[in-house]
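Examination of the molecular architecture
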Amino acid sequence: MAGAAHCSLQAKRLLLDPKFEGYKLSLEPLACYQLGLDAAVAEVKLRDDQYTLDHMRAFGMYNYLHLDSWYQDNVYYVDQCGRVMNLSVTLDTALQKPREVFRLPTDLTAYDNRLCASIHFSSSTWVTLSDGTGKLYLIKSGKRGSSASEKWEIVFNEELGSPFVIAHSVSFVKSDRHSVAVLLLRVEKDELDTKGSGFHITLEWVTIAEISKEGDHRYEIFKRRVLQGKSVPHYAAIEPNGDGLMIVSYKPFRFMQDEDGKVEENDDDNDDAKTTDEKKAPLYYWQQTEDDVTVTIQIPEDITKDDIKVCFSPDNICVTLKDQPPLMEGKLSSSVDHESCTWIITENKSLEISLIKKNEGPRWPELIVGDTRGEFIMDSSPCLMHLTSEVLNPNPEKENPPCNAQELEECDAFLEDSASLCRFDGDTLKVTHVINLGSNQYLFSVVVDPREMPCFCLRHDVDALLWQPHSDQPENMWEHIATFNALGYVQASKQDKKFMACAPDYSYAALCECLRRVFIYRQPTPLSTVLYNRKEGRQVGQVAKQLVATLEANDPILGFQATSERLFVLTTKTLFLIKVNSGN
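Scoring rules and cut-offs
Residues numbered from 1 in each chain as written. Predicted model: local features only at pLDDT ≥ 70, side-chain atom pairs only at ≥ 80, totals over all residues. Heavy atoms only, no water. Pairing = 2+ DSSP bridges. Helix = DSSP H or I, 4+ residues; strand = E, 2+ residues; numbered from the N terminus. Axes fitted to C-alpha atoms, helices over the stretch in contact; angles between N-to-C directions. Phe/Tyr/Trp six-rings, centres within 6.5 Å; stacked < 30°, edge-to-face > 60°. Lys NZ or Arg CZ within 6 Å of the ring centre and 35° of its normal. Disulfide = S-S within 2.5 Å. 1 Å grid on protein atoms, 1.4 Å probe; cavity = no way out; pocket = protein on both sides within 12 Å on 5 of 7 lines; lining within 4 Å. Points joined across faces, edges and corners; volume = space filled by probe spheres on them. Polar contact = N/O pair within 3.5 Å; in protein donor to acceptor, adjacent residues only side chain to side chain. Salt bridge = Lys/Arg side-chain N within 4 Å of Asp/Glu carboxyl O. Buried < 20%, exposed > 50% of the residue type's maximum accessible area, 1.4 Å probe, protein only.

- With an unreviewed UniProt entry as reference, the protein chain is termed NudC domain-containing protein 1, source organism Hypotaenidia okinawae.

Structure (structure tokens):
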């Protein structure tokens, strides 16, 4: 990733509510409608050879219900008969049965190693479809959602190798030529990986373009490019104009070949080798509260106070020992009150720097933008690394025997690699922008505007912040557009959660468990009656409600989608509609 611009996500303070008091359980009834399916959903269970966490994330937790964001309250699924079924809702009390809009030419039951069929709506009239056997279909659908004008017609289909699911697709016109770019996700056996899971992840970026020859118009594959990584991406999307790609993942991805099949030389290979061969100790440790950030650096024994120079500015820091090059230098994640920042040398011969945040509240994803030499400590206790040993009680006679990693609880475990958000250029196949997400856990993605890239939701402290990528705005490439108060904290307590979603108008967020239960979290709304906080004796102006719906079904939840008015929940044999908001 050499040469990539290291960026950071800037939260909008006006969208944060530091005085949020929590959700109040509401007993208001939710209208819930259900439709029995003529044929069961074409669920594909994991095989015995699909045993890794990546298989579970990619295929075991697959969302079988597909929301068509180009048309309001329009959902699709594929049933066991190979039919693409559609439900378009206009009136909840006059629901029609799901109708067939397309039938896959392939007999799915004849394939033992297939994956689940997948659909993505590239535009208001174009659809990409995979049958799960390795064949890709490009379909011209006409205006969807109405039986009069909707007619799915195959304009391109081709076998593209091993089975895949469609991660994303876009339709665009460039140089007066229509193209559709598709992102295909695979988990493939890796014979060279003897120490890991034995599998790697590939994202194939396929561009299908319209070709005109002697008056004959047809679609052909124009370009195929492959990225490879070691973890299933949380988020992967192509830019609307087809010029780039954005990926959120724990392990980095890199291009393996271009359209001519040449293997791309990538600096990341060397970086990975270095990281594997020698795991360097962090240069510094840092921790934070809502008000300040504390940085600890171990310094040599012969260094005195006069040898240390620490320069603070509102957005930068520079630490120098004696006349050596700067030990630590760069742009801070957020602004500080540089006149209040201090540093001291502690008793155990370490340099401790205290940075006072200019904006209280928002958590920093990293200390210095783009600097990966530090390690974030979750709480104010000393770093566990100094208190643990992989040797089982190496010295039992010692007064304070070291803790062993096997004694740690599951909740003490922390992921080796923090997630990163990378933007790849479609021409150079290089990373142009990278953001270290640090402790900002990825939660879900949602399409707010189908003409834009999907938004992604990240946990920031206890809140969940929604970010809209803008590929055409280099200075504001990721915009904070909405906040779901305390949702980051709330979702962490749901042990059985399967899917998360939010309304495109941000009016509510929702999550479902594997069976039956659905939790809905509304945005705070003004109260029509006077309500007082008993503890503080003050009037409460608004309240955020939590609602719980229990579905009358024993089958597992296979699909979950949210619109501004409704929640759609798909089980093996039933499609449920939960009316969340009344239409305006």
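**Considerations on the sheet that holds strand 10 (residues 135–140)**
- Judged by pairing direction, the sheet is antiparallel, and its 4 strands sit side by side in the order 8-9-10-11 without closing on themselves. Each edge of the open sheet is held by one strand with a lone partner, namely strand 8 (118–121) and strand 11 (153–159). Each strand of the sheet is rotated relative to its neighbour by a mean of 15°, with strand direction disregarded.
- Note: strand 10 against strand 11, 6 bridges, orientation antiparallel. For Lys140, the partnering residue across the bridge sits in strand 11 and is Glu153.

**Comments concerning the packing of aromatic side chains**
- With the rule as written, the count across this model stands at 12 aromatic pairs.
- Their ring planes at 90° and their centres at 5.5 Å tell us that Tyr62 and Tyr64 sit as a pair that is edge-to-face.
- An aromatic cluster of at least three residues, connected via ring pairs, comprises Tyr76, Phe102, Phe121 and Trp152.
- In this structure, Lys494 packs its charged tip against the face of Phe519, placed 4.1 Å from the ring centre.

**As for the state of the cysteines**
- Inspection of the entire model under this criterion finds 0 disulfides.
- Note on Cys512: no disulfide assigned, nearest cysteine sulfur contributed by Cys514 at a separation of 7.7 Å.

**A short note on empty space enclosed by the protein**
- On inspection of all chains with the given rule, the structure shows 3 cavities of 30 Å³ or more.
- Each pocket or cavity is described by its volume, and for the largest cavity that value is around 50 Å³.
- What lines the largest cavity is simply Val44, Lys45, Leu46, Gln50, Phe59, Tyr64, Arg114, Leu115 and Cys116.
- Computed from the structure, the second largest cavity encloses a volume of approximately 40 Å³.
- Val41, Ala42, Tyr64, His66, Val78 and Ala117 together form the lining of the second largest cavity.

**What to know about the side chain of Arg144**
- Note that Arg144 resides in the loop between strand 10 and strand 11.
- Polar side-chain contacts of Arg144 include one of 2.6 Å to the side chain of Asp68.

**What to know about the pattern of salt bridges**
- A complete count under the given rule lists 24 salt bridges for this structure.
- Here Asp38 makes a salt bridge to Lys97, at a shortest N to O gap of 3.9 Å. Of this pair, Asp38 sits in the loop between strand 3 (31–36) and helix 1 (53–60) while Lys97 is found in the loop between strand 6 (83–88) and strand 7 (99–103), placing the two residues 59 residues apart along the sequence.
- In this structure, the salt-bridge partner of Glu565 is Lys579, at a minimum N-O distance of 2.9 Å. In this pair, Glu565 is assigned in the loop between strand 40 (557–562) and strand 41 (566–571) and Lys579 in strand 42 (residues 574–579), connecting sequence segments 14 residues apart.
- A relative accessible area of 16% places Glu565 in the buried class.
- Through salt bridges with shared partners, a single network forms among Asp73, Glu565, Arg566 and Lys579.

**With respect to unusual backbone geometry**
- Although it is not a glycine, Leu429 sits at a positive phi angle of roughly 60°.
- Mapped onto the fold, Leu429 is located in the loop between strand 29 (419–425) and strand 30 (431–438).
- Here Leu429 falls in the buried class, since its relative accessible area comes to 7%.
- If you check the backbone angles, Arg516 has positive phi at about 65° while not being a glycine.
- Tracing the backbone through its elements, the reader meets Arg516 in the loop between strand 36 (508–513) and strand 37 (517–522).
- On the basis of relative accessible area, Arg516 is assigned to the partly exposed category, the value being 34%.

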